[in-house]
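# Summary of structural features
Next come the chains, spelled out residue by residue.
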Amino acid sequence: MSDLPIRPDTPCVAVCSTTFDEICRGCGRTVVEVAHWVAMTTEQKEVVWQRILAQGYPRRNT
């Protein structure tokens, strides 16, 4: 069994916008991370989760 925390399948909160830069305003992932999410390993996803949570994402009302 993994020592990684239990997370939702995706950080997506259906507030998808990359209008001004390469970071989604809803979930905090980069365009590349969003595009490759389904192919990423659990460990790779956890690295992303840790970064976006530290940055205050996901955000539902931005």
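Here the residue numbering is sequential within each chain, running from 1 through the sequence in written order. pLDDT decides what is reported in this predicted model: residues at 70 or higher carry local features, side-chain atom pairs at 80 or more are listed and counted, and totals for whole chains, interfaces and linings draw on all residues regardless. The basis for the side-chain values is all heavy atoms of the structure; hydrogens and waters are excluded.

## Comments concerning unusual backbone geometry
In this structure, the amide linkage connecting Tyr57 to the following residue, Pro58, adopts the cis form with an omega of -10°. In this text, helices come from DSSP runs of H or I with a minimum length of four residues, and strands from runs of E with a minimum of two, each type numbered from the N-terminal end. Assignment of secondary structure puts Pro58 in the segment after helix 2 (42-54). Notably, Ala14 is not glycine yet its phi reads approximately 60°, a positive angle. Inspection of the secondary structure puts Ala14 in the segment before helix 1 (31-36). Taking the relative accessible area as the measure of exposure, Ala14 reaches 67% and is therefore exposed. When accessible area is computed with a 1.4 Å probe and restricted to protein chains, residues below 20% of their type maximum are described as buried, those above 50% as exposed, and intermediate ones as partly exposed.

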